[in-house]
Amino acid sequence: MMDVAGSVTIGTVLVFVLVLWRKASIASQDTSLEFDLLTGSSESCRQEFVSRIFSSDDWNFIDVTESKFLRRLFHRERKAVALLWVRQTSAGIRQILREHTLHVRHSENLKFQTELAIFLRYTQLRALCGLLFVAIALAGPIWVRGLALRADLLFQRFAKVRDSLHAASETQQLRHVDSI
Amino acid sequence: MSASVKLVLVQEAYDDILRRTLSKLSCDLGRLIYLASTRDYNTGSYHHDGLASRFSPEVARKALEIAHRQVFYQVSAYSLEELVQEIEIYFASSREEPQKVLATWQKLEPFRIAVPVEVNPVVARLFLSNIRLALAIFRFRQPQAPSDPSAASLHQ
């Protein structure tokens, strides 16, 4: 009896997750064209804009109008922006790891612990992006502000670690060339 | 021309456009629309006759590009409340009837061309989204015409 109940629960949860995933995919579809058209910029999204996307100030401003239309419009628009930010952040994380992998391929003094820490941070960030994607689709961006700001902070740190490792590696290579 | 000399000239041209033209416009949204209008639709490069004659076409182009990006990021960081105020000022400064400008902006979305080329796509999307929302709020605040069914749906 417990097995049947357990299976039904797991099945329900899976269906629920699939519905959410589908919902999030549909919500992000209208942003894909703009994303493709507007990519090519090397600028990252500054923290003040991340804070603005997930801010409750704009929602409070809309909420006092008591207009269902404006509330719906706000949810739809802000959700699309937030999902685009998650996709961009996720793509940025993948890009950083790809660049790092290419860089360390030629490195002579690879440190296992450092590489493991980078990979773990990468996994953590990707999981956080996945969680944010579903949470935004389910609850909207305002309710996940803390999580989004945390993900942004970790992403910035991840990019900095990559930059400092590359700088250190290049300095070492220059020393090696000098000594020859 | 060395890079540092060019940089100084671009700064001078930037200050010039700020002092002579942009400071005379009533709001940042107006400044953004003005700067976007100095860009060629086909090539994406900027041109301003007065600035080009005082400096050079290349220096003027760079100064306009920098000014455009700066004003764009400034407007994109505005809250919805601030953006609605900007729209009110901009529409009021227009020689046309605000209702007519509003209808055109909602229908044709001319503000889409105000986005500079090399900006972060998320910020560009936030800007477009916020303008759409600000326009809807502006419309919501307008006195409702009895024969306008579309305006009635806003108040539901």
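For the structure itself, consult the block above.
Residues numbered from 1 in each chain as written. Chains lettered and ligands numbered in written order. Predicted model: local features only at pLDDT ≥ 70, side-chain atom pairs only at ≥ 80, totals over all residues.

Student: For the interface of chain B and chain A, give the residues involved together with the corresponding values.
Tutor: Many analyses report the size of an interface as the accessible area lost when the parts associate. Contact with chain B, which involves 24 residues of that partner, is made by 31 residues of chain A. The set of elements that each furnish at least two residues to the side of chain B that touches chain A consists of helix H5 (80-93), helix H7 (121-141) and helix H8 (149-154) of chain B. For the side of chain B that touches chain A, the element with the most residues is H7(B), which contributes 12 residues. In the side of chain B that touches chain A, the residues fall into 13 nonpolar, 7 polar and 4 charged. (Contact = placed C-beta atoms within 7 Å. Helix = DSSP H or I, 4+ residues; strand = E, 2+ residues; numbered from the N terminus. Nonpolar A, V, L, I, M, F, W, Y, C, P; charged D, E, K, R; others polar.)

Student: Break down the nonpolar core for me, citing the residues and quoting the values.
Tutor: Counting residues in each nonpolar core, the largest one holds 70 residues, and the members touching the most others are Trp85(A), Leu132(A), Ala13(B), Ala63(B) and Ala134(B). Here this core takes 12 residues from H7(B), the largest share from any one element. (Core = buried A, V, L, I, M, F, W, Y, C linked by C-beta atoms within 7 Å. Buried ≥ 20, exposed ≤ 12 C-beta atoms within 10 Å, placed from the backbone.)

Student: Before we move on, can you summarise the environment of Gln95(A) with the specific residues and values?
Tutor: Within the element layout of this structure, Gln95(A) appears in helix H4 (residues 68-104). As for Gln95(A) and Asp163(A), which are separated by 68 residues in sequence, their C-alpha atoms are 13 Å apart.

Student: Just give me the short version of the environment of Val122(B), but keep the residues and values in it.
Tutor: Inspection of the secondary structure assignment puts Val122(B) in helix H7. Assessed through the 29 C-beta atoms surrounding it within 10 Å, Val122(B) is described here as buried.

Student: Before we move on, can you summarise helix H2 (residues 28-37) of chain B with the specific residues and values?
Tutor: Residues and elements named next belong to chain B. Residues of H2 that are buried: Leu29, Arg31, Leu32, Leu35 and Ala36. Down the axis of H2, the buried side of the element spans an arc of 160 degrees, and every buried residue falls inside it. Lining the buried residues of H2 we find helix H4 (57-76) and H5. (Arc of directions from axis to C-beta.)

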